[in-house]
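So the chains spell out like this:
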Amino acid sequence: MFLKPDYLIAGDITDIDLDLLEQAGIKGLILDLDSTLIAPHSAFISNQALAWLNLARKKFHVAVASNNKNEVYLDKVRELLNIRIVGKAKKPSRKAFHRLMEEFGLKAEQIAVIGDRPLTDIWGGRRAGMKTILVGTLHTMNEPAWKTKMRLLERVFIRPN
Ligand SMILES: [Mg+2]
């Protein structure tokens, strides 16, 4: 089984060209949270990522789908970013993606799923019929070593275009 994202970004989320996505007919973005938008479990967003997010919100419907189950943490992020977050998303389940698609009032092909994990974000987004964008991991000071290894292993499944 190979997981091929529609777009493979060498850098992190802030390197995604929003104009290009707009030109491709994308109207909604569903973002992964930990390691994609913010450093894991930090409830801290870099100035760069925040600037990118604010620009994205001017052009697109934007929401977060996270497998994180910690509602206290998620509430902190909701407050920090004033953003719609579906927690306990169980990606690669399609459920959270479909829920947000309904909220956006868009079709699957008008939505791009952005994340750092092939087996959750990319696989789930593909199963939901959405465009997928694999980004590099944000600096993850709090991430345990096994998780970093797992993340690198997952990349074995990626076949570049
Ligand atoms: Mg992640």
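Up top you'll find the structure we're talking about.
In this text, all values refer to a predicted model and were calculated from it rather than measured experimentally.

A.B. asks: Describe the overall build of the chain, with residues and values.
C.D. replies: Helices and strands together make up the secondary structure of the chain, namely six helices and six strands. Reading the chain from its N end, one meets helices and strands in the order β-α-β-α-β-α-β-α-β-α-β-α. Counting over 161 residues, the chain shows a buried share of 37%.

A.B. asks: Summarise the pairing of strand β3 (residues 61-65); cite the residues concerned and give the values.
C.D. replies: Counting buried residues along β3, five of its five residues qualify, which places the element largely inside the surrounding structure. Pairing analysis gives four bridges linking strand β2 (residues 28-31) to β3, with the strands arranged parallel. Following the sheet pairing, I30 is matched in β3 by A63. Since β2 and β3 lie parallel, the crossover through helix α2 (residues 47-59) that links them has a hand, and here it is right-handed.

A.B. asks: Give a detailed account of the nonpolar core, specifying residues and quantitative values.
C.D. replies: Judged by nonpolar contacts, the single largest core of 36 residues is most densely connected at I30, L31, A65, F97, A112, V113 and I114. For this core, the elements supplying multiple residues, two or more each, are β2, β3, α3 (71-81), α4 (95-104), β5 (111-115), α5 (118-127) and β6 (131-134). Beyond its immediate sequence surroundings of up to four residues, A65 is in contact with I30, V86, A89, K91, A96, F97 and L100.

Conventions used here
Each chain has its residues counted from 1, following the order in which its sequence is written. Two thresholds apply to this predicted model, a pLDDT of at least 70 for residue-level local features and 80 or more for giving and counting side-chain atom pairs, whereas whole-chain, interface and lining totals are computed over all residues. Where helices and strands are cited, they refer to DSSP runs of H or I of at least four residues and of E of at least two residues respectively, numbered from the N terminus. The burial label depends on the number of other C-beta atoms within 10 Å of a residue's C-beta. Counts of 20 or more mean buried, 12 or fewer mean exposed, and intermediate counts mean partly exposed, with C-beta atoms placed from the backbone. Each pair of strands is called paired provided DSSP finds at least two bridges between the two strands. By convention, orient the strands away from the viewer: a clockwise path from the first strand over the helix to the second makes the crossover right-handed. When buried Ala, Val, Leu, Ile, Met, Phe, Trp, Tyr and Cys residues are joined through C-beta atoms within 7 Å, the set is termed a nonpolar core. Residues are scored as being in contact if the C-beta atoms we place from backbone atoms lie within 7 Å.

Geometric descriptors of this kind do not, in isolation, establish any biological role.
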